[in-house]
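So you can see what is in the structure, the chains are spelled out below.
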Amino acid sequence: MFTETATETILVVDDNPTNIQVLFDVLTEIGYRVAIAKSGEAALQRLQSYHPDIILLDVMMPGIDGFETCRRLKAGPTTCDIPVIFMTALSDSIDKVKGLSLGAVDYITKPIQHEETLARIRVHLQLSNSQKALEQRTVELSQALNHLKQTQVHLVQSEKMTSLGQLIAGIAHEINNPVNFIHGNLIPAEEHVEDLMTCLHLYRECYPQPDPRIQTWMEQVNMEYLEADLPKLIHSMKLGSDRIRQLVLSLRNFSRLEGDGCKAVNIHEGIESTLLILQHRLRARPDHPGIRLVRNYGQLPEIECYPSQLNQVFMNLLSNAIDALEEQDQQRHFDEIQAKPSTITICTDLLPHQAVSIRIADNGPGIEKTVCSKLFEPFFTTKQIGKGTGLGLSISHQIVTEKHGGKISCQSTFGQGAEFVIEIPLQQAVCQAA
Ligand SMILES: Nc1ncnc2c1ncn2[C@@H]1O[C@H](COP(=O)(O)OP(=O)(O)OP(=O)(O)O)[C@@H](O)[C@H]1O
Ligand SMILES: [Mg+2]
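Since the model is a prediction, treat every value here as computed from it, not as a measurement.

Side note on the overall build of the protein chain
Argument step 1. Secondary structure summary: the protein chain contains 14 helices and twelve strands in total.
Argument step 2. The C-alpha atoms of the protein chain give a radius of gyration of 39 Å, which is well past the 22 Å a tight globule of 434 residues would have.
Argument step 3. By its C-alpha atoms, the protein chain is 140 × 55 × 40 Å across when sized along the principal axes.
Argument step 4. Expressed as a percentage of its 434 residues, the buried residues of the protein chain come to 24%.

Considering the site of ligand 1
Argument step 1. Neighbouring residues of ligand 1: 21 residues in total, closest Asn320, Thr381, Gly388, Gly392 and Leu393.
Argument step 2. Looking at the shell around ligand 1, the elements with two or more residues in it are helix H10 (307-329) and helix H13 (392-403).
Argument step 3. The leading source of residues in the shell around ligand 1 is H10, at four residues.
Argument step 4. When the residues that make up the shell around ligand 1 are grouped by side-chain class, the tally is nine nonpolar, ten polar and two charged.

Details of the sheet that holds strand S9 (residues 343-351)
Argument step 1. Spatial strand order, S7-S9-S10-S12-S11: five strands in an open sheet with mixed pairing. Every other strand in the sheet has two partners, leaving strand S7 (292-297) and strand S11 (407-412) as the edge strands with one partner each. Going across the sheet, the axis of each strand differs from the next one's by a mean of 15°, ignoring polarity.
Argument step 2. Examined bridge by bridge, S7 and S9 share six bridges and lie parallel to one another. For Tyr297, the partnering residue across the bridge sits in S9 and is Thr348.
Argument step 3. With respect to the sheet, helix H8 (residues 267-277) is in contact with S7, S9 and strand S10 (355-362), its orientation differing from that of S9 by roughly 165°.
Argument step 4. Those strands touched by H10 are S9, S10 and strand S12 (418-425), and its axis lies near 20° from that of S10.

Let's talk about the packing of helix H5 (residues 114-206) against H13
Argument step 1. Viewed as axis vectors pointing N to C, H5 and H13 meet at an angle of 95°, and their least axial separation amounts to 10 Å. Judged on the interaxial angle alone, H13 and H5 are roughly perpendicular. Contacts from Val153, His154 and Gln157 of H5 reach H13 at Ser394, Ile395 and Gln398.
Argument step 2. When the residues that make up the contact of H5 with H13 are grouped by side-chain class, the tally is two nonpolar, four polar and no charged.

Some remarks on the sheet that holds strand S2 (residues 33-37)
Argument step 1. Sheet architecture is open: five strands sit in the order S2-S1-S3-S4-S5, paired in parallel fashion. Only two strands of the sheet have a single partner each, and these edge strands are S2 and strand S5 (106-109). With strand direction ignored, the average angle separating the axes of adjacent strands in the sheet is 20°.
Argument step 2. Taken together, the five bridges between strand S1 (residues 9-13) and S2 define a ladder with parallel strand orientation. Residue pairing across strands places Ile10 opposite Val34, the latter belonging to S2.
Argument step 3. Helix H3 (residues 66-75) contacts S1, strand S3 (54-58) and strand S4 (84-88) of the sheet and is inclined by roughly 150° relative to S3.
Argument step 4. Sitting on the sheet, H5 touches S3, S4 and S5, and the angle it makes with S5 is about 165°.

Structural notes on the nonpolar core
Argument step 1. Counting 34 residues, the largest nonpolar core has Val313, Phe314, Leu317, Leu318, Ala321, Ile360 and Ile422 as the members making the most contacts within it.
Argument step 2. Counting only elements with at least two residues in this core, the list comes to H8, strand S8 (303-305), H10, S9, S10, H13 and S12.
Argument step 3. The element contributing the most residues to this core is H10, with nine residues.
Argument step 4. Among residues more than four places away in sequence, those in contact with Ala321 are Ile344, Ile360, Asp362 and Gly364.
Argument step 5. Within the second largest apolar cluster, 22 residues are counted, among which are Ile10, Val13, Ile55 and Met87.

Topic: the packing of H8 against H10
What describes two packed helices is the angle between their axes and the distance between those same axes.
Argument step 1. It is at 9 Å that the axes of H8 and H10 come closest, and there the two elements cross at 50°. Regarding the angle of H8 to H10, the classification is oblique. Relative to H10, H8 is oriented so that their crossing is right-handed. For the pair H8 and H10, contact is made by Gly270, Ile271, Ser273, Thr274 and Leu275 and by Pro307, Leu310, Asn311, Phe314, Met315 and Leu318, respectively.
Argument step 2. Among the residues making up the contact of H8 with H10, the classes are represented as seven nonpolar, four polar and no charged.

What counts, and at which threshold
- Residues numbered from 1 in each chain as written.
- Chains lettered and ligands numbered in written order.
- Predicted model: local features only at pLDDT ≥ 70, side-chain atom pairs only at ≥ 80, totals over all residues.
- Helix = DSSP H or I, 4+ residues; strand = E, 2+ residues; numbered from the N terminus.
- Rg over C-alpha atoms; globule rule 2.2 N^0.38 Å.
- Buried ≥ 20, exposed ≤ 12 C-beta atoms within 10 Å, placed from the backbone.
- Near = placed C-beta within 6 Å.
- Nonpolar A, V, L, I, M, F, W, Y, C, P; charged D, E, K, R; others polar.
- Pairing = 2+ DSSP bridges.
- Axes fitted to C-alpha atoms, helices over the stretch in contact; angles between N-to-C directions.
- Contact = placed C-beta atoms within 7 Å.
- Parallel < 35°, antiparallel > 145°, perpendicular 65-115°, else oblique.
- Core = buried A, V, L, I, M, F, W, Y, C linked by C-beta atoms within 7 Å.
- Left-handed = near helix turned anticlockwise from the far one by under 90°.

Okay, structure coming up:
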């Protein structure tokens, strides 16, 4: 005998009032909540808004019979998982097989044996509950697995970026000292040269007729040219050392090894230093006219963010754009490329709701609609093995949305390029707390 009080709901589908009454009494006495439908059609109608834990279904009914009712139940997305127990006076084994093959879980034969019916209902409710728990557990486990995969991906990528950052910071540091003393010495060197020149002019004035040996030597070295060229030479050395100092600054800015914390920075500097690292891929080569860059930078305040991580996002988006353009240009002739140059356009704007947008667009091959929905999934790549890991965009998505509370999306028409849009708030709660 069952002593515990059941709480599950049962739908009884039968056209026979006596059967309904018997089942209703037996089931409600145990505590089940019982609903009744007097035909297959009525049951299907009822199930549109009602989800019982189990259905007891008569086979022989006017209108659609139990088998048809069961078939329709199993075809419905919301009803297919409700266990069905057939009730029939027929003890023919063919009918039982038919019912089971339609998806029923069990059979009870009429006249109803109370104890047996209750026992079967209990077993199937338990089975169904364990199956639901199992499904839930499977969902939880696959979520945990996904999370683990993402964490792993993030670790690998950030490890890669940290090594790159360390390498760049190391090089920048090593170049910084020698270039600084070249730069520092150029100013006195220029003064010394000027003094020597003045001295030379004085000699010429005081001794207009030098010794023939001096005269010959001056002609040999082309003294006039030397006098004109030396200041130019020093000037271009100054320009060169200024450029190297600028590069070092950009490299340091990119690596940002002074701390990965949240701070207010000029985002354009981050974009520029990333472009600098990618310069070798943008520049014209003998076989390629180079990739054109268009900058439409808006007036932006300093943005609170994790600069090195945001640089990582710029790096991923710009590398992808370059990859796409390079791939397209492999199919085009030099003249064709020159007529319609491969172009990357970077736009930044201040948005009305205390946020900024950074848009990176290319006029490459664009992205197919079917691919668009998978872009931000980890490991999704259309590149050859060894060329792409498929992590760039998923990491970027994580950095923008989870780390910065922003948004990242892609707009693309296949054949007409792609545009990635990042939106991030001007301020981060973590930054203010710090
Ligand atoms: N600008 C773009 N134009 C065309 N396709 C793009 C563009 N950006 C991304 N894609 C598509 O999205 C896919 C996923 O990009 P994602 O950066 O995540 O990985 P990946 O570039 O393939 O590999 P990696 O991990 O080395 O970045 C790419 O393989 C490419 O098919
Ligand atoms: Mg990529």
